[in-house]
Amino acid sequence: MTYTPEMRESIKAVEATRERRLNETYPAIPVAERQVLLNAFHPDYVEDGMREIRVGSSKGERTLHELADLIEGRPHIGPEFDLSEPAVETDVLVIGGGGAGASAALLAQEAGARVMLVTKLRFGDANTMMAQGGIQAADRPEDSPAIHYLDVIGGGHFTNHPDLVEALVKDGPVVIHWLEQLGVMFDKEPDGTMVEAHGGGTSRKRMHSARDYSGAEIMRVLRDEVRNRPIEVMEFAPAIELVLDEEGNAAGAILQNLETGRTFYVRAAAVILATGGSGRLHYQQFPTTNHYGATGDGVVMAYRVGAKLAFLDTMQYHPTGAAFPEQILGLLVTEKVRGLGAQPVNSKGEQFVYPLEPRDVEAAAFIRECRERKLGVVTPSGQPGVWLDSPMIERLHGPGTIERALPAMARQFRRFGIDMTEDPLLVYPTLHYQNGGVVLDAEGSTSVPGLFIAGEISGGVHGRNRLMGNSLLEICVYGRRAGRSAARRALEKTAGRPTVAHLVTWNEELDTVGIDGAVRSPILLPHYARD
Amino acid sequence: MSEDKEQVPERIPVYIMGKRYDVPPSLTIMKAMEWAGYMLVRGVGCRGGFCGACATAYRVKGDARLHFGLACQTVVKPEMYLGMIPFFPVERAGYDMAELKPEASTLFQTYPEILHCLGCGTCTKACPQELDVKGYMAAAMRGDIAAVANMSFDCIMCGLCAARCPAEEPQYNIALLARRLYGRYLSPRSEHLHQRVTEISQGQYDAALAELKEMGTEALKERYTSRDMEPK
C-alpha cells in the first residue's frame, strides 16, 4: 500500500523543489477572481447536480438531487400513529448525540428543565468526534470578535446572516472558557497562552486545538459531563418523525429502536434538533469525511413540519481528503497540515494555489489542477490527487512537530505504510460539510414554535461557505443557545394535544405534484451492504 | 484461457464471527463485512479511526496470538477470524467537576480499583492506538494526574483495554477523569482568555459588531479585502 513507482517518480519532483519552496508562497487569488474559479470547477456550480424542491415551505429552492429525493420523501409512519400513550414525557427532547446535542442538553438541564437526549447510534457518534484541526475564538490581544466577524462573513461570500455571525463570534471566547472549565485540554504554552494557528480564510491566528484530536477531546468531555448530570440518554433510538400539538407547537418526536424496530412516542414541550449533516448521501458521488449516520434526517423532519431551509444548494468539499491509499479514500487530512506550512503542489512539484484560501476556493483550485491542467497524480484505481507536502512541516518547525501536533494524522497514514514526515500525502476534495440547512435565529429558534436547532443542521451561520474551526465553535455556541431557549420555552408552556396530522397534508402535497412514494425518509443509515 | 484467468478478481477467505466469506483483499474489515452483506448498526461509527465504535479482536490461522484493531482502519488478511466488540460493560463513576480537587486522592476515591492494577500490560497489547496504557495506569497508581492526562491523550475510548483487563480496570474512564482534572485545574491559566471574556461581558465589542452588521455588502467587501493579515 505504499506509493507505486510512478507516484515515487512524482515525489522526486516534489523533493527537488522543496528547498526552494520553503521560502516561497503562491499568492492568494484576488477576491474578484474567486467566483470565476468557483463557477468553473466547484461542485456547487455543476448545474445538473441540483434541482428545485417541489413541495413544502421552501418550494422552488434548489438543492442537490440526493437531498431533494429525501426532502420529498414519504414518512415511515401514517397519520393514524397512536400518540395516546407516550413512552416518555420530558420537558426538553434533544435529538442528536454530537457536540451540539450534548451542549444543548447541558444548558437545558442547568436551566432547570428535565432533559432527554436521544441519538441514532452511540452517544458521540458524530462529526464532532472527527473534527481535527480546531476551534476558532478571538481571544488574543491582536484579535477581536469584530475581526473574527469580518473573516467569517468574507469567507461566506457575504451571504451569512449578520445576527448569527455576531452570536458566533461574541460567544467564542466564552465557549472556550466554558469548555476549559469542563476539563477540555487545549494546547497551551507553558505560561498559559493558548497555542493558536491560522486556518483557511483567517486574518488572525485564532485556531485553538487539542493536538489533532480537537473534536474528539471536546466530544468525550461533553459526553462525560452529560452522563454526570440527571439527563436521560437513549442510544440507537433515532427520531423518524416530529410531533406537533393542535396549534402547531412542537410536542415531541416518534423514535425508533434501531435494533428491535419498535416505534414509540416521546412527548416534550420543546424539541432541539441537533442531527448534524448529510455527507453520507455522497452528493455527486463524492467520498466523504463524515461519520456513518450523517444522512440529513433532521432537515427532512424539520421541513415536514414547516421549518424553512436555506443554503442547501451549497456543500463544503474539504480540499484535502485522502486520495491514497484507497482504504481511506475521502477521509480527512486536517487543514492544520496546511496551517503548519505544508504546501499543495502538483505532479511536477510546483505550487499552484495559496495554501490557505477559503475551502471552496482551495478545493476548486485542486480540481482545476487535475481536471483542466492535467497536473494531478493518478492512483492505480484511477483517483486523481495533488500532493500535500507534509515533510515541509518539520523543515519549518523542527523534528518531532508532526508527532506532537498531528498524532492522529501520522497514525492514520502509518497504519497504511506511509510516513508523512518523509513523504507527501496525496489529496483530493472530499464531501465534508453541509453549509446550509434549517433557518434559525440567534436564539436557535425556528419558524415552528417550540422547535429549536443547533449545529450542522442549521443554515445561515456560515452562509455559502464555512471556515475551518467555526463548526466546533458553532455546535457549542448554538447548542448552548438552543438549550437555554428550549428550557425557557418548556418551563413556560406545555404542549397541547399531540398529533401527526401534518402528514395528511404532506402526503396530499406529494400526491398533487406526482411524487410516487418510492422514497421513504429519513433514511437513518446509508446502504453500504452489498445486495 | 490465461486472459480469462486474469479477470477473475482475487478473493481471500475471512471468518466473520466464525462464518467464512471470500472477500477482496484490499478491503478494511468494516468494508469486508459490508461486502459480505452485513448492514451494520453496532460496531460502526465515524469510519475514520476517531470514535472507537469498531473495536475488533482477531486471530490469523497459524498464529496463536490474539490481535486487535479498529475495523475501519485494518485491512483484511487471509484466514482472519474476526470478532467485533460493539459493546462492553465498564464501570464509569459519576462526579461533579466543581467539587473535585486535582489530587491523587481524587483518583483513588473515584476509582478505588486503580490500586488493584496488576501491571501485566495486557491493556497495552490490546490498544489499537498503541498507547502505553500500562504506563499511564502506573502513573495513576502514583497519583500523577498530569502524566495520565498526557500519556492517554490519544485514547479513543474503544474499550479494548478494559475488555481484556484481568483486574477489571476501567482504564479509559480513569484516563478521562485525569484529563478533565488536568484541563480544568492543572493546565496553566490563560490570562488573555479571561481578559477577553471579561471585555465581552462588559459589552466592549458591541459597538464594533453593530457597525459591521449594519454595513452594506460593498462596504463590507472593501473592509474585508483591506483587512491586515497577521503573518504566519
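Residues numbered from 1 in each chain as written. Chains lettered and ligands numbered in written order. Predicted model: local features only at pLDDT ≥ 70, side-chain atom pairs only at ≥ 80, totals over all residues. Heavy atoms only, no water.

1. Comments concerning the overall build of chain A
What chain A contains, in helices and strands, is 16 helices and 21 strands. Structurally, chain A occupies a C-alpha span of about 70 × 55 × 45 Å along its principal axes. Burial statistics for chain A: of 531 residues in total, 70% are counted as buried. Considering only contacts in chain A between residues 6 or more positions apart, those separated by 24 or more positions represent 74%. Accessible surface, chain A as shown: approximately 16500 Å² in total, 49% of it carbon and sulfur. (Helix = DSSP H or I, 4+ residues; strand = E, 2+ residues; numbered from the N terminus. Buried < 20%, exposed > 50% of the residue type's maximum accessible area, 1.4 Å probe, protein only. Contact = heavy atoms within 4.5 Å. Areas by Shrake-Rupley, 256 points an atom, 1.4 Å probe, with all protein chains shown as cover.)

2. Remarks on helix α6 (residues 145–155) of chain A
Residue and element names in this part refer to chain A. Counted residue by residue, α6 has 10 buried out of 11 residues, so it is predominantly covered. Along α6, the residues classified as buried are P145, A146, H148, Y149, L150, D151, V152, I153, G154 and G155. With its phi angle positive at about 55°, H157 sits one or two positions after the end of α6.

3. Some words on the pairing of strand β2 (residues 19–23) of chain B
Residue and element names in this part refer to chain B. Pairing analysis gives five bridges linking strand β1 (residues 12–16) to β2, with the strands arranged antiparallel. The partner of P13 across the bridge, within β2, is D22. Hairpin connection, β1 to β2: the antiparallel pair is bridged by two residues, and M17 has positive phi, about 50°. (Pairing = 2+ DSSP bridges.)

4. A closer look at the confidence of the model for chain B
For chain B, per-residue confidence averages 95 on the pLDDT scale, and residues scoring 70 or more make up 97% of the total. Complex prediction metrics read pTM 0.96 and ipTM 0.96. (pLDDT = per-residue confidence, 0-100.)

5. Here we look at the interface of chain B and chain A
Often, the extent of an interface is quoted as the loss of accessible area upon association of its parts. With 73 residues of chain B at the contact, the number on the chain A side is 90 residues. Its largest share of buried area at the contact with chain A, chain B owes to B:F50, B:F153 and B:Y224, together 11% of the area lost on that side. The interface formed by chain B and chain A holds 13 salt bridges in total. The salt bridge involving B:R180 is made with A:E225; its shortest N-O contact spans 2.5 Å. (Buried area = accessible area lost by both parts, 1.4 Å probe. Salt bridge = Lys/Arg side-chain N within 4 Å of Asp/Glu carboxyl O.)

6. What about the pattern of salt bridges?
As enumerated under the stated definition, the model contains 55 salt bridges over all chains in all. One salt bridge connects B:K213 with A:E166, and the closest N-O pair in it is separated by 2.7 Å. Taken together, the residues span two chains, with B:K213 in helix α10 (residues 206–214) and A:E166 in helix α7 (residues 162–182). Of the residues examined, B:K213 reaches a relative accessible area of 25% and is grouped as partly exposed. The partner of B:D228 in a salt bridge is A:R204, with the nearest N and O atoms 3.2 Å apart. Taken together, the residues span two chains, with B:D228 in the segment after α11 (217–225) and A:R204 in the loop between β6 (196–197) and β7 (207–208).

7. Description of the packing of aromatic side chains
The geometry of an aromatic ring pair is captured by the separation of the ring centres together with the interplanar angle, meaning the angle of the planes. Evaluation of the coordinates by the stated rule reveals 10 aromatic pairs over all chains. Ring-pair connections join several aromatic residues into one group, and the members of that group are A:Y3, A:F324 and A:W387. Sitting over the face of the ring of A:Y433, A:R466 holds its NZ or CZ atom 4.0 Å from the ring centroid. In this arrangement the basic side chain of A:R530 is found over the ring face of B:W35, its NZ or CZ atom lying 3.5 Å from the centre. (Phe/Tyr/Trp six-rings, centres within 6.5 Å; stacked < 30°, edge-to-face > 60°. Lys NZ or Arg CZ within 6 Å of the ring centre and 35° of its normal.)

8. Some details on the nonpolar core
Residues and elements named next belong to chain A. By size, the foremost hydrophobic cluster in this structure holds 207 residues, and its most contacted members are V92 and L179. Once residues within four sequence positions are removed from consideration, V92 is found in contact with A108, A113, R114, V115, M116, A268, A270, I272, A486, A487 and A490. Membership of the second largest hydrophobic core comes to 45 residues, among which are M7, V14, M409 and V427. (Core = buried A, V, L, I, M, F, W, Y, C linked by side-chain atoms within 4.5 Å.)

9. Here's the deal with the sheet that holds strand β20 (residues 458–459) of chain A
Backbone hydrogen bonds are what pair the strands of a sheet, in a parallel or an antiparallel way. All names here are of chain A. Here three strands make up an open sheet; going across it, the order is β12-β18-β20 and the pairing mixed. The outermost strands of the open sheet, each flanked by one partner alone, are β12 (309–310) and β20. In the sheet, β12 pairs with strand β18 (residues 437–439) via two bridges, with the strands oriented antiparallel. By the bridge assignment, L309 is partnered in β18 with V438.

10. Regarding the sheet that holds β2(B)
All names here are of chain B. Pairing is mixed across the open sheet formed by five strands, whose spatial order is β2-β1-β5-β3-β4. Each edge of the sheet is formed by a strand with only one pairing partner; in this case those strands are β2 and β4 (67–70). Adjacent strand axes in the sheet meet at a mean angle of 35° when their direction is disregarded. (Axes fitted to C-alpha atoms, helices over the stretch in contact; angles between N-to-C directions.)

11. Quick look at the state of the cysteines
The term disulfide refers to a covalent linkage connecting the sulfur atoms of a pair of cysteines. All names here are of chain B. According to the stated counting rule, one finds zero disulfides over all chains in the structure shown. Looking at C117, it has no disulfide partner, and the nearest cysteine sulfur is the one in C123, 6.4 Å off. Classification of C117 as buried rests on a relative accessible area of 19%. Note on C127: no disulfide assigned, nearest cysteine sulfur contributed by C158 at a separation of 6.4 Å. A relative accessible area of 15% places C127 in the buried class. (Disulfide = S-S within 2.5 Å.)

12. What about helix α5 (residues 133–142) of chain B?
Residues and elements named next belong to chain B. Looking at α5, one finds that the buried residues are V133, G135, Y136, M137, A139 and A140. Tucked inside the fold, the buried residues of α5 contact α3 (104–110), α4 (122–126), α6 (145–151), α7 (160–164) and α8 (171–186). Just past α5, the residue G143 takes up positive phi, approximately 80°.

13. Some details on the environment of B:Y136
All names here are of chain B. Summarising the element assignment, Y136 is placed in helix α5. A sequence separation of 54 residues divides Y136 from L82, and the C-alpha atoms of the two residues are 29 Å apart. Leave out the neighbours within four places in its chain, and Y136 touches V148, M151, S152, Q171, Y172 and A175. A polar contact is formed between the side chain of Y136 and the backbone oxygen of Q171, at a distance of 3.3 Å. (Polar contact = N/O pair within 3.5 Å; in protein donor to acceptor, adjacent residues only side chain to side chain.)

14. Some words on unusual backbone geometry
Residues and elements named next belong to chain A. In this model, F324 is joined to P325 through a cis peptide bond whose omega is -5°. Along the chain, P325 falls in the loop between β13 (315–322) and α10 (336–339). Residues S521 and P522 are joined by a peptide bond in cis, for which omega reads 0°. Mapping P522 onto the fold places it in the segment after α16 (502–513). Phi at H282 takes a positive value of approximately 50°, unusual for a residue other than glycine. Residue class for H282 comes out partly exposed when judged on its relative accessible area of 22%.

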